[in-house]
Amino acid sequence: MVGWATAILYLIAAGLCAAVSTRGARGERRFWAVVALAMLALGINKQLDLQSLFTQLLRDDALRHGWFAERRSLQLAFILAVAAFGAISVLVLRRRLSVLRRNMRLAAGGVCLVYTYVLIRAASFHHVDRFINAAVLGARWNWIIEIGGILIVAIAALRELRVPLQEAPAP
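Residues numbered from 1 in each chain as written. Predicted model: local features only at pLDDT ≥ 70, side-chain atom pairs only at ≥ 80, totals over all residues. Heavy atoms only, no water.

A.B. asks: It is not clear to me how helix 4 (residues 71–96) should be interpreted in this structure. Could you clarify?
C.D. replies: With 26 residues, helix 4 ought to run about 38 Å at 1.5 Å a step, and its terminal C-alpha atoms sit 36 Å apart, in line with that. Residues of helix 4 that are buried: Gln-75, Ile-79, Val-82, Gly-86 and Ser-89. (Helix = DSSP H or I, 4+ residues; strand = E, 2+ residues; numbered from the N terminus. Expected span 1.5 Å × (residues − 1). Buried < 20%, exposed > 50% of the residue type's maximum accessible area, 1.4 Å probe, protein only.)

This is the structure:
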């Protein structure tokens, strides 16, 4: 049930971002359209489980080429690289998007959080799997991280929808 609910939340977030993408300046519309597409892609991925297919293809390749025994060090390197990329992306986006509105920065952070989570989850490293499947007050960490990121994006879009449109200057 949580998987379906998460996919529905992705679609809701995508719809909210698409609604925002019809407003404001051209750059802002483009930003929200890209975020809407990112949320839509993640929602489709959630239902098709493409990261599991990716993991299985890599596992099969590792077995076929004889480097399956070394997979742990490669998985760890991948996770560290993705985590570093995610952290750097947030910092770069924070700096580059500092000229943008607060809700756009919030949405960008939510997208970075979810994409970083999905990529790390694709590595299927057992220590990470153990952590994200552990529960806190009945909620698993993977639900908290993924749904949290989606909600950050959705809240940012909702807040942006509540901002009144500026009237066009008189000719």
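A.B. asks: Where do I start with a positive patch on the surface in this structure?
C.D. replies: A cluster of basic residues, Arg-94, Arg-102, Arg-105 and Arg-159, forms a positive patch on the protein surface. Relative to the helices and strands, Arg-105 resides in helix 5 (residues 102–123). With a relative accessible area of 32%, Arg-105 lands in the partly exposed category. (Patch = residues over 30% accessible without salt bridge, like charges linked within 9 Å, V, L, I, M, F, W, Y side chains within 5 Å. Areas by Shrake-Rupley, 256 points an atom, 1.4 Å probe, with all protein chains shown as cover. Salt bridge = Lys/Arg side-chain N within 4 Å of Asp/Glu carboxyl O. Lys, Arg positive; Asp, Glu negative; His and termini not counted. Charge placed at Lys NZ, Arg CZ, Asp CG, Glu CD.)

A.B. asks: Would you take a moment to explain the packing of aromatic side chains for this structure?
C.D. replies: Think of a pair of aromatic rings as described by two things: how far the centres are apart, and how the planes are tilted against each other in angle. Applying the stated criterion to the full structure yields one aromatic pair. The interplanar angle of 85° and the centroid separation of 5.3 Å between the aromatic rings of Phe-31 and Trp-32 together place this pair among those described as edge-to-face. For the residue pair Phe-31 and Trp-32, the accessibility class agrees, reading buried in each case. (Phe/Tyr/Trp six-rings, centres within 6.5 Å; stacked < 30°, edge-to-face > 60°.)

A.B. asks: Explain helix 3 (residues 50–65) to me, please; I cannot follow it from the model alone.
C.D. replies: Because each turn of an α-helix spans 3.6 residues, side chains separated by three or four positions end up pointing in the same direction. In this model, helix 3 (16 residues) spans 23 Å end to end at C-alpha, consistent with the 22 Å of a helix rising 1.5 Å per residue. Along helix 3, the positions that sit buried rather than exposed are Gln-51, Thr-55 and Ala-62. Down the axis of helix 3, the sector holding all buried residues measures 40°, keeping them to one side. Opposite the buried face of helix 3, at more than 90 degrees from it, the exposed residues are Leu-57, Leu-63 and Arg-64. In the segment just after helix 3, Gly-66 is the residue with positive phi, at about 80°. (Arc of directions from axis to C-beta.)

A.B. asks: Got a minute to help me understand the nonpolar core in this structure?
C.D. replies: As a rule of thumb, nonpolar side chains are buried together in soluble globular proteins. One finds Tyr-10, Cys-17, Phe-31, Trp-32, Val-35, Met-39 and Val-153 to be the most contacted residues of the largest nonpolar core, which totals 26 residues. If you list the elements that add at least two residues to this core, you get helix 1 (2–20), helix 2 (26–48), helix 5 and helix 7 (141–162). Residues in contact with Val-35, not counting those within four places in the same chain, are Cys-17, Val-111 and Val-153. (Core = buried A, V, L, I, M, F, W, Y, C linked by side-chain atoms within 4.5 Å. Contact = heavy atoms within 4.5 Å.)

A.B. asks: What exactly am I supposed to notice about the packing of helix 1 against helix 2 here?
C.D. replies: A pair of packed helices is captured by two measures, namely the crossing angle of their axes and the spacing between those axes. Where helix 1 meets helix 2, the axes come as close as 8 Å, and the angle between the chain directions of the two elements is 165°. On the basis of the axis angle, helix 1 is roughly antiparallel to helix 2. You can see that helix 1 and helix 2 cross each other, and the crossing is left-handed. Within the contact between the two elements, helix 1 uses Gly-3, Trp-4, Thr-6, Ala-7, Tyr-10, Leu-11, Ala-13, Ala-14, Cys-17, Ala-18 and Val-20 and helix 2 uses Trp-32, Val-35, Ala-36, Met-39, Leu-40, Leu-42, Gly-43, Lys-46 and Gln-47. (Axes fitted to C-alpha atoms, helices over the stretch in contact; angles between N-to-C directions. Parallel < 35°, antiparallel > 145°, perpendicular 65-115°, else oblique. Left-handed = near helix turned anticlockwise from the far one by under 90°.)

A.B. asks: How should the packing of helix 2 against helix 7 be read in this particular structure?
C.D. replies: Remark: helix 2 packs on helix 7, axes separated minimally by 12 Å, with the N-to-C direction vectors making an angle of 150°. As far as their axial angle goes, helix 7 and helix 2 are roughly antiparallel. Handedness of the crossing formed by helix 2 with helix 7: left-handed. Along the contact surface, helix 2 presents Trp-32, Val-35, Met-39 and Lys-46, while helix 7 presents Glu-146, Val-153, Ala-156, Ala-157 and Glu-160. Its residues placed into classes, the contact of helix 2 with helix 7 shows six nonpolar, no polar and three charged. (Nonpolar A, V, L, I, M, F, W, Y, C, P; charged D, E, K, R; others polar.)

Just distances and angles here, no functional claims.
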